[in-house]
Structure formats: C-alpha cells, structure tokens
Amino acid sequence: MSSLAPASRAVRVALVQLGNVTADKSYNLQHARDMVLKAASGSAAGKPDLIVLPECFNSPYGVSYFPTYAEDIGYTPGEPYDVEKSESQSIKMLSSVAKEAGTWLIGGSVPEHDVATKKYYNTATVYSPNGELVAYHRKLHLFDIDIPGKIRFKESEVLTGGNALTHFDTEFGRFGLGICYDIRFPEMAMIAARNGCIAMIYPGAFNMTTGPLHWELLARARATDNQIYVAVCSPARDLTATYHAWGHSSLVDPMGLVISTTEVREDIIYGEIDPKKVEEARSAIPVTVQRRFDVYKNVAE
Ligand SMILES: O=C(O)CCC(=O)C(=O)O
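Along each chain, residue indices are assigned from 1 in the same order as the chain's sequence is written. Reporting of local features is limited, given that this is a predicted model, to residues whose pLDDT is at least 70; pairs of side-chain atoms are given and counted only at 80 or more, and all residues count toward the totals for whole chains, interfaces and linings. Side-chain metrics rest on all non-hydrogen atoms present in the structure, leaving aside hydrogens and water.

Which entries qualify depends on this criterion: UniProt positions are given in the numbering used here, feature names are shortened, and annotations may be inferred rather than shown by experiment.
Per an unreviewed UniProt entry, the protein chain is named CN hydrolase domain-containing protein, and its organism is Hydnum rufescens UP504. UniProt annotates the protein chain under Sequence similarities (unreviewed entry) with the comment "Belongs to the carbon-nitrogen hydrolase superfamily. NIT1/NIT2 family."

So, in structure tokens, the structure goes:
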C-alpha cells in the first residue's frame, strides 16, 4: 500500500448537478461552460479548487444517442495532447473553461468515437487549471442491466469498455476516477486507495430504480471500505427526457458520512476533501493495515 501523497491543505470541491441537457449539443456545451464558471465564482467558503460535471453532459443519455453525439478525441495515454489540434469541440470547451475558471476540472463524461478503431466509449477527461488535459478515463464497466418491468439498459450494444484504471495527481493529492456503473466494482476504489488516492470521483447518472436503492449506499460503501472521500455527480432530473436521472449529487467523507448533497434540480454543491480526515479515519479504525492479504491474496481466484 503506498502512502498518501503530501497535501498542503483541504481541497474545495464543487459538484455541478447540471440541468437542461437537451438534444442540442452546442447549447449543452454552452450551458455546461456557464455552470462551471458559476461554480468557480464560489460559495461563502471560497473559490473551489476542483469542479466536477456529470456523466454524459453534452448529450441525452441513451444508447441510441451515443453515435450521433460522439466525438473523436484522439488521445493516446502517456503522450502529450494538443487541445488546440483536437477534433473534439467538447474537449476544447472543457480545456478552455478550466483555464478561464482557474480550477481543476473533471469534465463529466462524453460519448467518444475512436475513429481509428471504429469503437465508441463513454469517456471522462480531467484538466489542470491551465487547461491541460491530464487524465482520461474510458468507463471500464459498461452499464448493462435488466430489471424486469423497471429498467433495461445495455451500453454494450454500442459502447466498448475501457481497459485502464485512472488516477491523477494534483498539488492537493492523488485522485481516482470512475464513471457511474464503475462505482459498483469495489476493487477499483480499493486499488485507488491503496495507490494513495484520497478520493474517488464518479460522474454518474443513476436512475429512478437503482438510484433510491444504491446511489448513496454505494458512495458511502466505497468511502467506508477504503477510508477515502467519494464524490458522485449526477445530471439534474428531467422528466421530459427519455432517461430520468436520480440526481442527489453528493460528497461523502472517509468515515462514510454524507457531508454535502442535494435533491433533484439543477444545483451546485460545495464541500471539502481534507487529507487529514483520511489519516484520522485510518488511524481511528485501522482496517487499511489490518487486511489479511496472507489469507486472501488474490481476490480474482
Ligand atoms: O448502476 C446503476 O444502477 C446505474 C448505472 C448508470 O446509470 C450508468 O452507468 O450510467
């Protein structure tokens, strides 16, 4: 298990529960831009250091929409990425608004079309305060569920799952990134925590069936399991859309307490990710060093 990366102070976070995600992509991009700038103007506690947008913020959420809204991002992990030359208008907007806001930005997720391989992905990107694209996560676990009479959703009809875990470093510490259904896989958050991440951030969009059952439960479980912060950022609920998002964007602390949350409408919520609280939780209840990997070395066996 690696130790926590040194952090100078708590990170102020803003979660943007974006409303009005319409069929008009240009409008969606402009609205997301405006809301990031609004979030950056801060709360009574001050300007945030990190702003988060929800899953699929530039397009309606649904398998049939992905090909129409998908953009070619052309990112190769480990290689420098020139945003100016990007083919993706969403990436250009996110980079420029991160720079204008002067904050870290987790740009929710967007449908991606990798033109070279002809594959589609659900992809989240992260920007530094100078607009540099620093991390890129393709949803690893595709949202394929079928609850009879309630909801059937099969991302795999169009999308391909990513094949990498994503952690990124900031001056405040290391963060792990997942998208929505990824939160159901505890291994992902555990590996992030054991690699020194102080938080997992999940742009997401749960629904009216699994939202009330599992959204908060999973966020609190991943936080408690690993004694890290967990942020879940949803779109607002729109009953005129084909997919009704659960909303309830929330920030959970390393003891599993929901420290900031909202209801279903468009909103911006603020909270702090304090690395000292991670250390305090781990010293009070030391499960991170009590694990019996001598008994359960390989959980995939
Ligand atoms: O896991 C769930 O219940 C919802 C997941 C989801 O909405 C998603 O992955 O987009």
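## Some details on the packing of aromatic side chains
To keep things clear, this is the line we draw: Side-chain rings of Phe, Tyr and Trp, where Trp is taken by its six-membered ring, are said to pair if the distance between their centres is within 6.5 Å; with planes under 30 degrees apart they count as stacked, over 60 as edge-to-face, and otherwise as tilted.
Tallying each qualifying case throughout the model produces 14 aromatic pairs. An aromatic cluster of at least three residues, connected via ring pairs, comprises Tyr61, Phe66, Phe143, Phe153, Tyr181, Phe185 and Tyr243.

## With respect to helix α5 (residues 210–226)
For clarity, the threshold we go by: By definition, any uninterrupted DSSP run of H or I lasting at least four residues is a helix, any uninterrupted run of E lasting at least two residues is a strand, and each is numbered from the N terminus. Given a helix with a known number of residues, its expected span is that number minus one, times 1.5 Å. For the exposure calls, accessible area comes from a 1.4 Å probe over protein chains only, and a residue counts as buried if that area is under 20% of its type's maximum, exposed if over 50%, partly exposed in between.
End to end, α5 covers 23 Å across 17 residues, agreeing with the expected 24 Å (1.5 Å per residue, within 8%). Thr210, Gly211, Trp215, Leu218, Ala219, Arg222, Ala223 and Asn226 are the residues of α5 that are buried. In the stretch just after α5, glutamine 227 is the one whose phi turns positive, near 55 degrees.

## Some points on the side chain of threonine 166
Note the threshold: Counting of polar contacts relies on pairs of N or O atoms within 3.5 Å, with two restrictions inside protein: one atom must be capable of donating a hydrogen and the other of accepting it, and residues adjacent in sequence are counted only when both atoms are side-chain atoms. A contact between two residues is defined here by any heavy atoms of the two lying within 4.5 Å.
Relative to the elements of secondary structure, threonine 166 occurs in strand β8 (residues 166–170). Taking relative accessible area as the criterion, threonine 166 reaches 8% and is therefore assigned buried. Within the structure, the side chain of threonine 166 is placed 3.4 Å from the backbone oxygen of tyrosine 136, a separation counted as a polar contact. Beyond its immediate chain neighbours, meaning those up to four positions away, threonine 166 contacts Ala135, Tyr136, His137, Phe175, Gly176 and Leu177.

## Notes on the nonpolar core
The line we're drawing: What makes a nonpolar core is a set of buried Ala, Val, Leu, Ile, Met, Phe, Trp, Tyr and Cys residues whose side-chain atoms join them at distances within 4.5 Å.
Leu50, Ile106, Phe175, Ile183, Ile201, Val230 and Ile273 are the most contacted members of the largest nonpolar core, which has 43 residues in total. Not counting chain neighbours up to four residues away, the residues in contact with isoleucine 183 comprise Tyr202, Phe206, Leu218, Ala219, Arg222, Val230 and Val232. Listed in part, the 29 residues of the second largest apolar core include Ala14, Ala32, Val83 and Leu133.

## Focus: empty space enclosed by the protein
One way to see where empty space is left: roll a probe the size of a water molecule over the atoms. The following threshold applies: Buriedness for pockets is judged along seven lines, at least five of which must meet protein on both sides within 12 Å for an open set on the 1 Å grid over protein atoms alone, while cavities are sets there where a 1.4 Å probe fits but cannot get out, and lining residues have an atom within 4 Å of a point. Grid points are joined across faces, edges and corners, and a volume is the space filled by probe spheres set on the points. All amino acids are sorted into three groups, where Ala, Val, Leu, Ile, Met, Phe, Trp, Tyr, Cys and Pro are nonpolar, Asp, Glu, Lys and Arg are charged, and the leftover types, Gly among them, are polar.
The final tally for this structure, using the stated rule, is one cavity of 30 Å³ or more. Within this model, the largest cavity holds a volume of roughly 50 Å³. In terms of lining, the largest cavity is formed by Phe143, Ile145, Cys180, Tyr181, Arg184, Ala205, Phe206, Asn207, Thr210 and Tyr243. Its residues assigned to classes, the lining of the largest cavity shows seven nonpolar, two polar and one charged.

## Here we look at the sheet that holds strand β10 (residues 197–203)
So the rule is basically this: For two strands to be treated as a pair, DSSP must find at least two bridges joining them. Simply put, an axis is a line fit to the C-alpha atoms, just over the touching stretch for a helix, and the angle between two N-to-C directions goes from 0 to 180 degrees.
Within the open sheet, the six strands sit side by side as β8-β9-β10-β11-β12-β13. Their pairing is mixed. At either margin of the open sheet sits one strand with a lone partner, and together these are β8 and β13 (258–261). Along the sheet, successive strands turn relative to each other by an average axial angle of 20 degrees, direction set aside. With five bridges joining them, β8 and strand β9 (residues 173–177) adopt antiparallel strand pairing. Residue pairing in the sheet places phenylalanine 168 in a bridge with phenylalanine 175 of β9. Sheet strands in contact with helix α4 (residues 186–194) are β8, β9 and β10, and its direction is about 145 degrees off that of β10. Contacting β10, β11 (229–233), β12 (250–252) and β13, α5 runs over the sheet at an angle of about 155 degrees to β11.

## Some details on the packing of α4 against α5
Under the convention used in this document: When describing relative orientation, an angle under 35 degrees is termed roughly parallel and one over 145 degrees roughly antiparallel, while 65 to 115 degrees is termed roughly perpendicular and anything else oblique. Throughout, a crossing is termed right-handed when the near helix is turned clockwise from the far one, and left-handed when it is turned anticlockwise from it by less than a right angle.
Between α4 and α5, the shortest axis-to-axis distance is 10 Å and the interhelical angle comes to 40 degrees. Classed by the angle they form, the pair α4 and α5 counts as oblique. The handedness of the crossing between α4 and α5 is right-handed. For the pair α4 and α5, the contacting residues are Pro186, Ala189, Met190 and Ala193 in the first and Arg222, Asp225 and Asn226 in the second.

## Notes on the UniProt feature "domain: CN hydrolase" (unreviewed entry) in the protein chain
Mapped onto the present numbering, the UniProt feature "domain: CN hydrolase" (unreviewed entry) falls on residues 11–275. Between the C-alpha atoms that bound residues 11–275 there is a distance of 8 Å. The span itself is 23% helix and 30% strand.

## Topic: the sheet that holds strand β4 (residues 119–127)
Ordered in space as β5-β4-β3-β2-β1-β14, the six strands form an open sheet in which the pairing is mixed. The sheet is open, and its two borders are formed by β5 (133–138) and β14 (267–273), each paired with just one other strand. Neighbour-to-neighbour, the strand axes of this sheet turn through a mean angle of 25 degrees, independent of strand direction. Docked against the sheet, helix α1 (residues 25–40) engages β1 (11–17), β2 (50–52), β3 (104–114) and β14, running at close to 45 degrees with respect to β14.

## Examining the pattern of salt bridges
For the record, the criterion: Take a side-chain nitrogen of Lys or Arg and a carboxyl oxygen of Asp or Glu: if they are within 4 Å of each other, that pair is a salt bridge.
One pass over the structure, following the stated rule, counts 13 salt bridges. As a salt-bridge pair, glutamate 55 and lysine 139 come within 2.9 Å of each other at their nearest N and O atoms. Residue glutamate 55 is located in the loop between β2 and α2 (66–69), and its partner lysine 139 is located in the loop between β5 and β6 (144–147); the two are separated by 84 residues in the primary sequence. Glutamate 55 gets classed as buried once you look at its relative accessible area, which sits at 1%.

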